[in-house]
Amino acid sequence: MTFFLVSSFIKMFVVFNLIMVGVAMLTLLERRVCAWMQDRLGPNRVGPQGILQPAADGLKNILKEETSPAMADKTLFTLAPLVSFVPALVTFGVIPFASPLPTRWGVVPMVVADLPVGFLYILAISSLGVYGIVLAGWASNNKYALLGGLRASAQMISYEIAMGMSTVAVLLLAGNVTLSQVIAQQQHGLWFVLPLTLGFVIFFVSALAETNRLPFDLPEAEAELIAGYHTEYSSMKFSMFYIAEYSNMVTASALMATLFFGGWDIPFTHWDDTGDPTVLKTLLTLAAFSLKTFAFLFTYIWVRWTLPRFRYDQLMALGWKVLLPLALSYITILATAIWFIRVQIGWLYGPGMALILLGVNVVLLVALVWWLDRGRIVSGIAEEPA
Amino acid sequence: MAIGVKVMKRPTEQTSYLRATLKGMALTFSHLLRPKVTMQYPEEKSSKDWTLSSRWRGTHRMLTDEQGRAKCVACGLCPQICPANCIKLVPGEDEQGNRYPLIYEIDEFRCIFCGYCQEVCPEEAIHVGVHYENSEYSRDRFVYDLERLTAQTHPVSTLWDPSDPKGE
């Protein structure tokens, strides 16, 4: 019991700090990658290659004057950054980030809390984040902030459905909602991105929308709504929203790595998930997990500096008319296929089943691309000519 | 239909969000690896593509003769022509009857750097210079006196292109 408590506290402390440092580095990476994509250099003055820029930013934000609008609801105005900040961090608690670590006192699983309901917990907590944004918009007593908050709620609720639906396929295949079991399942067979390619595509698009990143950053929309829900926020409160956004990105990326890319699994070898746990395995699997997460984070940034923002009706059309029906029909098709393979042929999840499902996915993906490639999303909800 | 958005009829290639997205992603990624155009200012003040023009009109400079005295004869043409009225000149005369400036001050804050003072100067004494870094810690340091004007060492502006003096 003592061992469990002590190890949990240490893990919490380490994970919290790693995420905070990661978020800080991510803000720097965002600015530098943006600069590189625009043929500039980006911030490179504070410390070697600008590595201390986040520290300077943090210091600036702490020292800045904090303004509070006269007509704002003080309690909610203060509460809102916390409400968006905490779920972003808490979600990470159930994601396993490395293989178990052997210590002198026993084996420590490398996850803060390996909840049996892991995935449901993530869905539950991540939808709490929207409250922070809506409350911020409401409490500011500013019409643009309120519009931003409203947009955020509409957008996140719409895309949450598609996101949840797309992960049902993962749960069907894994037969479990515990994330460590989902990873174990992928280590025995193939990564779920292969048998569930289309599910991954839906999840990825929804995750972009869930984290309010471009091309789905309508809640912020600096051109239309000044800065949306955080118009009235300054200094550290503003910074909290910023940290929350980036923590959400980290969590979403880690989740994509976990659900579809084998979590901390090192590909093409069973060395990492069989035999006794060693420190070397823990470190290498941690590196593999970080690398996968980083790849998604980079994609986030890459997409942000490429795509323009959606129009509001396009956003809604994409969410409700494309992603939701797509996710629903995808589950139906996949469930039928899985049932057929499991019950009629009698295979368990393994490379054979994965490859058959991959075939199904490729067919579906080709059909989807063929159907999407006719300007329907850009046309939004305008009438198709008869 | 709640909101009717008018959409122009365009061919598929132009309206396909998918193709446009992929094309855009490829483009931004290719820019990621291209050489950067940023000039790292305090360390690097000119590059092979860009240098300060020799016709740049910046911080003033008073030229001196062989004895190290200012060439200025206090004729009063520069304060006369100065459109910003930033030159203060009090003329004096020595025993041989040579005129020289008792006080010669240029307020760099008022100056609009038109370069008329250099153009009008019959002795080629006052010049605008190819120089732009003149930050100070207090406002009164921006009034340059004669001593400071003669102490400047930066190259003076040519005002016109030496290879094309008439601007053709």
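Note that the structure is predicted; figures quoted are calculated from it, not measured.

*Asks:* How do you make sense of the overall build of chain A when you look at a structure like this?
*Replies:* Scanning chain A from terminus to terminus reveals 14 helices and 2 strands. In terms of C-alpha radius of gyration, chain A reaches 22 Å, essentially the compact-globule figure of 21 Å for 386 residues. Oriented by its inertia axes, the alpha-carbon framework of chain A measures out at about 70 × 65 × 45 Å. Split into buried and exposed, the 386 residues of chain A put 53% on the buried side. Long-range contacts, defined here as pairs at least 24 residues apart, represent 78% of the contacts in chain A between residues at least 6 apart. Carbon and sulfur atoms make up 73% of the accessible area of chain A, which amounts to about 17,200 Å² in all. The averaged location of the 23 negative side-chain charges in chain A is 4 Å from the averaged location of its 22 positive side-chain charges.

*Asks:* How should I be thinking about the packing of helix H11 (residues 279–304) of chain A against helix H2 (residues 17–32) of chain B in this particular structure?
*Replies:* Geometry of a packed helix pair, given as the angle between the helix axes and the separation of the axes. Close contact between H11(A) and H2(B) brings their axes to 9 Å; oriented N to C, the two are set at 105°. Taken as axis vectors, H11(A) and H2(B) run roughly perpendicular relative to one another. Where H11(A) approaches H2(B), its residues A:Phe298, A:Trp302 and A:Val303 are matched on the opposing element by B:Met25, B:Thr28, B:Phe29 and B:Leu32. The residue inventory of the contact of H11(A) with H2(B), partitioned by class, reads 6 nonpolar, 1 polar and no charged.

*Asks:* Would you mind showing me how to read helix H7 (residues 179–188) of chain A here?
*Replies:* Along an α-helix, a turn takes 3.6 residues, which lines up residues three or four apart on a common side. Of all the positions in H7(A), only A:Leu179, A:Val182, A:Ile183, A:Ala184, A:Gln186 and A:Gln187 are classed as buried. On its buried side, H7(A) packs onto helix H4 (118–126), helix H6 (143–174) and helix H10 (235–260) of chain A.

*Asks:* Can you walk me through the packing of aromatic side chains in this structure?
*Replies:* Two aromatic rings, taken as a pair, are described by how far apart their centres are and by the angle between their planes. In total, this model carries 18 aromatic pairs over all chains according to the counting rule given. With centroids separated by 4.2 Å and ring planes inclined at 10°, the aromatic side chains of A:Phe77 and A:Tyr233 adopt a geometry described as stacked. Of this pair, A:Phe77 sits in helix H3 (residues 74–90) while A:Tyr233 is found in the loop between helix H9 (222–225) and H10, placing the two residues 156 residues apart along the sequence. Comparing A:Phe77 with A:Tyr233 shows no difference in burial state: the two are buried. In textbook terms, an aromatic cluster arises when at least three aromatic residues are bridged by ring pairs, as seen for A:Trp191, A:Phe200, A:Phe203, A:Phe204, A:Phe260, A:Phe261, A:Phe296 and A:Tyr300. It is B:Arg148 that lies over the ring of B:Tyr144; its NZ or CZ is 4.0 Å from the centre.

*Asks:* Explain the pattern of salt bridges here, please?
*Replies:* Tallying each qualifying case throughout the model produces 11 salt bridges over all chains. With a closest N to O distance of 3.0 Å, A:Arg31 and A:Asp57 form a salt bridge. Of this pair, A:Arg31 sits in helix H1 (residues 2–37) while A:Asp57 sits in helix H2 (residues 53–63), and the two are 26 residues apart along the sequence. Accessibility expressed as a relative area gives 35% for A:Arg31, which makes it partly exposed. On the accessibility criterion, A:Asp57 (25% relative accessible area) is partly exposed. Salt-bridge contacts for A:Arg45 lead to B:Glu43; the nearest nitrogen and oxygen are separated by 3.0 Å. Of this pair, A:Arg45 sits in the loop between H1 and H2 while B:Glu43 is found in the loop between H2 and strand S1 (58–62), placing the two residues in two different chains. Through salt bridges with shared partners, one network takes in A:Glu30, A:Arg213, A:Glu245 and A:Arg304.

*Asks:* What should I look at first to understand the nonpolar core in this one?
*Replies:* Soluble globular proteins tend to bury their nonpolar side chains together. In terms of nonpolar packing, the biggest core is built from 89 residues, with A:Phe92, A:Phe192, A:Leu196, A:Leu259 and A:Phe260 touching the most fellow members. Other than its neighbours up to four places away in sequence, A:Leu259 contacts A:Phe119, A:Thr167, A:Val170, A:Leu179, A:Val182, A:Gln186, A:Phe192 and A:Phe203. Residues B:Met62, B:Cys78, B:Leu89 and B:Tyr104 belong to the second largest nonpolar core, which totals 19 residues.

*Asks:* When you look at the side chain of A:Asp39 in this model, what are you seeing that I'm missing?
*Replies:* With respect to the secondary-structure elements, A:Asp39 resides in the loop between H1 and H2. Comment: no salt bridge for buried A:Asp39; closest opposite-charge side chain is B:Lys36, at 4.4 Å. A polar contact of 3.1 Å, which involves the side chain of A:Asp39, links it to the side chain of B:His31. Among all residues touching A:Asp39, those that are not within four sequence positions of it are B:His31, B:Arg34, B:Pro35, B:Lys36, B:Val37 and B:Thr38.

*Asks:* Which parts of the structure should I look at to understand the sheet that holds strand S3 (residues 99–107) of chain B?
*Replies:* Strand pairs in the sheet, formed through backbone hydrogen bonds, run parallel or antiparallel to each other. Residues and elements named next belong to chain B. The strand order S2-S3-S5 describes an open sheet built from 3 strands, whose pairing is antiparallel. Edge strands, defined here as strands with exactly one partner in the open sheet, are strand S2 (87–93) and strand S5 (143–144). The pairing of S3 with S5 spans 2 bridges and is classified as antiparallel. Directly across from isoleucine 106, in S5, lies its bridge partner tyrosine 144.

Here is what the cut-offs are and how they apply
- Residues numbered from 1 in each chain as written.
- Chains lettered and ligands numbered in written order.
- Predicted model: local features only at pLDDT ≥ 70, side-chain atom pairs only at ≥ 80, totals over all residues.
- Heavy atoms only, no water.
- Helix = DSSP H or I, 4+ residues; strand = E, 2+ residues; numbered from the N terminus.
- Rg over C-alpha atoms; globule rule 2.2 N^0.38 Å.
- Buried < 20%, exposed > 50% of the residue type's maximum accessible area, 1.4 Å probe, protein only.
- Contact = heavy atoms within 4.5 Å.
- Areas by Shrake-Rupley, 256 points an atom, 1.4 Å probe, with all protein chains shown as cover.
- Lys, Arg positive; Asp, Glu negative; His and termini not counted.
- Charge placed at Lys NZ, Arg CZ, Asp CG, Glu CD.
- Axes fitted to C-alpha atoms, helices over the stretch in contact; angles between N-to-C directions.
- Parallel < 35°, antiparallel > 145°, perpendicular 65-115°, else oblique.
- Nonpolar A, V, L, I, M, F, W, Y, C, P; charged D, E, K, R; others polar.
- Phe/Tyr/Trp six-rings, centres within 6.5 Å; stacked < 30°, edge-to-face > 60°.
- Lys NZ or Arg CZ within 6 Å of the ring centre and 35° of its normal.
- Salt bridge = Lys/Arg side-chain N within 4 Å of Asp/Glu carboxyl O.
- Core = buried A, V, L, I, M, F, W, Y, C linked by side-chain atoms within 4.5 Å.
- Polar contact = N/O pair within 3.5 Å; in protein donor to acceptor, adjacent residues only side chain to side chain.
- Pairing = 2+ DSSP bridges.

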